[in-house]
Every structure is written in C-alpha cells, then in structure tokens.
Amino acid sequence: TDQRIQQDLAEHGVRVPKVLGSESHPGQRYAILTENLKSQWSTFCVHPAARSPEVLRWLSSFHRAFQGRIPEKHGLWDFGTHVHLKRRPVGELDLLPQSISDFCDAFQGEDPFFQRPESRLLGQRLRAVASCVAEELTPKPENMQKITMVHGDFKGANYFLKNEGEGCCAFDFQWTGPGIGATDLIYLFCGSVEDEIVEDYQTWLKVYHSHLNMDQYSLDEFLLDFKLATLDYARWVFAYRLAGDSPEKFRKRAKNVDVNLGIFRRHVPRIIWLLRLVEDFLPDVEAMCS
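Residues numbered from 1 in each chain as written. Predicted model: local features only at pLDDT ≥ 70, side-chain atom pairs only at ≥ 80, totals over all residues. Heavy atoms only, no water.

### With respect to the layout of surface pockets
Okay, so step 1: Within this model, the second largest pocket holds a volume of roughly 150 Å³.
Okay, so step 2: Lining the second largest pocket we find 13 residues, and of these Lys-155, Tyr-187, Trp-236, Arg-241 and Asn-260 sit closest to its centre.
Okay, so step 3: Breaking the lining of the second largest pocket down by element, the ones donating at least two residues are helix H6 (182-192) and helix H9 (219-241).
Okay, so step 4: The element that contributes the greatest number of residues to the lining of the second largest pocket is H9, accounting for three residues. (1 Å grid on protein atoms, 1.4 Å probe; cavity = no way out; pocket = protein on both sides within 12 Å on 5 of 7 lines; lining within 4 Å. Points joined across faces, edges and corners; volume = space filled by probe spheres on them. Helix = DSSP H or I, 4+ residues; strand = E, 2+ residues; numbered from the N terminus.)

Spelled out as structure tokens, the structure:
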C-alpha cells in the first residue's frame, strides 16, 4: 500500500492488483482489499513453458524497479524471503546432512543418482558453507548495488497470467523485502516451471538478466549470486520441506496436486536437477568461503 513503491512499480510497467482498501491492526491482523482478477486471469501450479518469457519479464521488471535503490522506511521486512538462514529455527541446519542421506536412502530405487556416495555427502558440504552463503545474500551497505526488493514467495499460486494475450500480475507480498533477486529465480525454477525450462536454465537466466538491464550488475556477478541462492534454497528444501519424505508421498501429491506446493515436492526429476546444480556450484562457493 506504500504509494512510493506503487509509483516505482507503475513506472517500470509492473502489474500488481489495484488496492481498493486496507485495514491494519498491528500485532493482530492486516487486511487488504484488491481488484478481482479471476475472470480474465488464471493461476497455474506449473505455468506453460511458452508463458515463461512473460513471467520472467514481470520478475525482472519488479527487480529493476528497486535494483540498488531500496526506498527508505519502506515498512517491509528488513530482508525478504522466509528461506534465509537467519529466519529459520535454531538447530534446523544441523539436520541437513542426515536429511539428505535419508532422502537418498528413501529414493534410491527411483533413480541411480540417489545411490551415489557423492549425493549422500551433499548435506555435509551444504551445511559447511550455509552461514557464509547466508551472509553473502544478506543486504548490507557493501553489496547494495546488487540488492533489490525480492518477492520472497514467487510461485505459480502467487501470480496470474492473462487468459487472452500476454500479461503477468503477481500478488501475495507477505515475504517481500530487500534481497538478492536470484533468490526469486531459483524459487520459481524449483516450484513452477516445466522441465524444458530448467533443462535450459542458463538461457533463461540470460533472458532475465538482459531484461534487468543494469550495467552495475554484471552477468558474472548475477550468475555467482544464482549459485549462492541455489545452495541457500537447497539447504532450506532438505533441512525442512523434504525432511522425512518418501516416493509414496511424492506420488500422493502428484495425484492430488495442491497449487501451493511446488513441483519439487512431487516430481523427482526436479529434485535431481536441483541436487546436480548443488554439486556443480559447491566447488566455487567452497573456495569463496574457505
């Protein structure tokens, strides 16, 4: 409801639902009344691959509106997303090595990837760099040129696509605040895109960065941030979301799809994709954090 933020979004062509009214009772509840978009727009658990350019244009435009210039006294979180290590319960990180090892045990019959000793050890390696990764993703004066407003929960349930023509409109800014834009991208890739998009994820990262069009934030810097964001996301996924999961649970979710649950919670190939990225990205980040 902040007028400055709404103006910045409008100037960058970022479509959000029009706010018709709001009510605030600090410490109790907050209510916002917006326009109804359901008659001409739709949400998707996983949006069609052909609509990915629209979704990425919305996200890059949203990030561009605040890249390197966060409004003062914006009234949002001091840093965005619920995934960040500093927002997780004490002791959760210590569960990570066992959680990934148990996941590999449970899914070893689904794909040979989970039978590899290297896969089981990814939890230990992720835990070792987790604090360093979280610090790199935390907004601070020395990295402000990379900081923007992140949506914080950018999944299919939280954005509409037009039924006729092109257009994306996101909502549910519960976890919005300053952060690294790449955290929204890995969240989107793991939760709400088709396999053909993640199989060519590097191309789509370049599409996003090209539309971001910020000279002070090079492609190499952005790609490093994507590596950090991926490791941070995987830490959260396995220490929390997928802890104790089984192939039976995956099949049950696939049979009864919940729009609020990302595809990574029912589609084994997406988990393998994520863990392969983790394995590819860890050497660079381990060297950086050593």
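### So, empty space enclosed by the protein
Okay, so step 1: Enumeration according to the criterion identifies one cavity of 30 Å³ or more in this entry.
Okay, so step 2: Of the voids in this model, the largest cavity is the one considered here, and its volume is about 150 Å³.
Okay, so step 3: Gly-80, Thr-81, His-84, Thr-183 and Asp-232 are, among the 19 residues lining the largest cavity, the residues nearest its centre.
Okay, so step 4: Those elements giving two or more residues to the lining of the largest cavity turn out to be strand S7 (177-180), H6 and H9.
Okay, so step 5: A per-element tally of the lining of the largest cavity places H6 first, with four residues.
Okay, so step 6: Of the residues belonging to the lining of the largest cavity, the class tally is 11 nonpolar, six polar and two charged. (Nonpolar A, V, L, I, M, F, W, Y, C, P; charged D, E, K, R; others polar.)

### Some thoughts on the pattern of salt bridges
Okay, so step 1: One pass over the full model with this rule turns up 20 salt bridges.
Okay, so step 2: In this structure, Glu-35 and Arg-15 form a salt bridge, with 2.8 Å as the shortest nitrogen-oxygen distance. With Glu-35 in the loop between strand S2 (29-34) and strand S3 (41-42) and Arg-15 in the loop between helix H1 (3-11) and strand S1 (19-25), this pair connects stretches of sequence that are 20 residues apart.
Okay, so step 3: Classification of Arg-15 by relative accessible area gives partly exposed; the value is 28%.
Okay, so step 4: In this structure, Glu-23 and Arg-29 form a salt bridge, with 3.8 Å as the shortest nitrogen-oxygen distance.
Okay, so step 5: Glu-23 sits in the partly exposed class, given a relative accessible area of 38%. (Salt bridge = Lys/Arg side-chain N within 4 Å of Asp/Glu carboxyl O. Buried < 20%, exposed > 50% of the residue type's maximum accessible area, 1.4 Å probe, protein only.)

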